[in-house]
Amino acid sequence: MSSNGEERLTEMKKKRKTTPRITTKKKKKNKPSTTPQSSPFLSLPDDLVLNIVARVPRLYYPTLSLVSKSFRSLLASPELYKVRSLLGKTESCLYVCINWFPEGFRWFTLCRKPDQTLTNDEKKKSSGYVLASVPMTNTPHADFASVVALGSDIYNIGVPQSSREASSSSVFILDCRSHTWRQAPSLPVELFTVSVGLIDGKKIYAAGFFDANSEDKNSLSVFDPKTQAWDPVPIPCSEPLGVFYRHSACIDGKLHVAAQNMNVAYNFKEARWDSSQRVIYYHMISNSFCVVENVLYSASHGAFKWYDTEAGWRVLQGLVGLPKFPHDSCVRLGNFGGKLAVLWETIPYGNVHCSLIKKMIWCAVIELERRPNCEIWGKVEWFDHVLTVSIYSTLESVVSATV
């Protein structure tokens, strides 16, 4: 190679070393921001946002809460429920308590599924309803007979909060707008058994027995939600009844309570205890009962019946399309805004390993119609599988709050 060629080669190598590489950065595509502040909807004036969301049925709130933290805060704000009340948009919302193995007690609310593309056959099969888990902390233990709803609050009364306790006077209140628990004034006495309910839809009663100097005594306490206070002295029951059971119902201004030796009814207007017919309790033993508009309904052993003081127990007519329940199925009833909500469990066949067995929770909503000749008919609006749980989980209670 000539000297000139060597010089050129040397110069080219130097240029390669000294000439910086020109790199072109790939431009990042501007993705639409997902922060709540950038949402066009939430950038609207607050009053307008509240008025729009307040008109959305509460059944869709569990789905809307997944949009963002800001939406979640909005759906739990007191201002939203004030607007709903002013617009006359308050509605009944179904809540279900499940003893969820192994976590403990969890609450669910009935909601609508998000819009999905379904075939015609799928649309016919699906009601569009599911039970959505309600996120909350410090959920207290609950029992079928310890829970009652009044307005937007659910009261959980007199349930021991640990296995070391045999009796309790605790009272917890769940605010169904914000889904937060708070403590309320305790019962005047600690109860070993408790059953709670409403008196004319205005006050709450708690009936049970307590241990007074090693002697079993029954008592009836009354709570006023307006003053948030219990009557200072419980109403005693001097009859030799034995202990109060966890089965009671308030009909026609009388509280009917099942006891060990006999059954009694407390007349609130006349402030006295009367003996009560035992027949009223025949269909309450299974805990599958509730009161709807002054009528007691039962689904004991899969047979739907109703009771009032004039007719006694009668068969609930209609119910076309409602499936038969397994004989050993746990069934719970609830007053769902004047309709009958029915929840029950089934276990699908074919599971071999016990650890793999799941329970299916079903729900039905039944419209009730009183007809001449002392008949009540039930029309099944819909029923569907709404939740799947562990084989060890159990249905505890079904109530309806107004929000």
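Relevant structure appears above.
Analysis parameters
Residues numbered from 1 in each chain as written. Predicted model: local features only at pLDDT ≥ 70, side-chain atom pairs only at ≥ 80, totals over all residues. Heavy atoms only, no water. Helix = DSSP H or I, 4+ residues; strand = E, 2+ residues; numbered from the N terminus. Buried < 20%, exposed > 50% of the residue type's maximum accessible area, 1.4 Å probe, protein only. 1 Å grid on protein atoms, 1.4 Å probe; cavity = no way out; pocket = protein on both sides within 12 Å on 5 of 7 lines; lining within 4 Å. Points joined across faces, edges and corners; volume = space filled by probe spheres on them. Nonpolar A, V, L, I, M, F, W, Y, C, P; charged D, E, K, R; others polar. Arc of directions from axis to C-beta. Contact = heavy atoms within 4.5 Å. Pairing = 2+ DSSP bridges. Axes fitted to C-alpha atoms, helices over the stretch in contact; angles between N-to-C directions.

A.B. asks: Could you clarify how one ought to interpret unusual backbone geometry in this entry?
C.D. replies: Phi is mostly negative for residues that are not glycine, and the peptide bonds are mostly trans. A cis geometry characterises the amide bond from F101 onward to P102, with omega recorded as 0°. Relative to the helices and strands, P102 is located in the loop between β1 (92-100) and β2 (104-112). Even without a glycine there, the phi angle at E293 is positive, about 50°. With respect to the helices and strands, the residue E293 is situated in the loop between β17 (289-292) and β18 (295-298). Judged by relative accessible area, E293 falls into the exposed class, the value being 64%.

A.B. asks: It is not clear to me how the layout of surface pockets should be interpreted in this structure. Could you clarify?
C.D. replies: Empty space among the atoms becomes apparent when a probe as large as a water molecule is rolled across them. The volume enclosed by the largest pocket comes to roughly 860 Å³. If you go around the largest pocket, you meet 40 residues; those closest to its centre are V148, G197, L198, V291 and N335. Tallying contributions element by element places strand β13 (residues 244-251) first for the lining of the largest pocket, with six residues. Partitioning the lining of the largest pocket into residue classes produces 19 nonpolar, 16 polar and five charged. Taken as a whole, the second largest pocket holds about 470 Å³ of empty space. Lining of the second largest pocket is provided by 21 residues; of these, P62, S65, R72, P135 and H179 occupy positions nearest its centre. Where the lining of the second largest pocket is concerned, the elements lending two or more residues are α3 (61-64), α4 (69-75), β2 and β3 (129-133). Considering only residue class, the lining of the second largest pocket consists of 10 nonpolar, eight polar and three charged.

A.B. asks: I would appreciate a short explanation of helix α2 (residues 46-54) in the present structure.
C.D. replies: For an α-helix, the turn length of 3.6 residues means that residues three or four places apart are oriented alike. Here α2 has its buried residues at V49, L50, V53 and A54. Across the axial projection of α2, the buried residues extend over an arc of 125°, all falling on one side. Against the buried residues of α2 lie α3, α4 and α5 (78-86).

A.B. asks: Help me understand the sheet that holds β17, please; the structure alone is not making it clear to me.
C.D. replies: Pairing between the strands of a sheet comes from backbone hydrogen bonds, and it takes one of two forms, parallel or antiparallel. In spatial order, the strands read β17-β18-β19-β20; together these four strands make up an open sheet with antiparallel pairing. Both edges of this open sheet fall to β17 and β20 (312-315), since each of them pairs with a single strand only. Pairwise comparison of adjacent strand axes, ignoring direction, gives a mean angle of 25° for this sheet. As paired strands, β18 and strand β19 (residues 305-308) are joined by three bridges and run antiparallel to one another. Looking at the pairing, L296 lines up with Y307 of β19.

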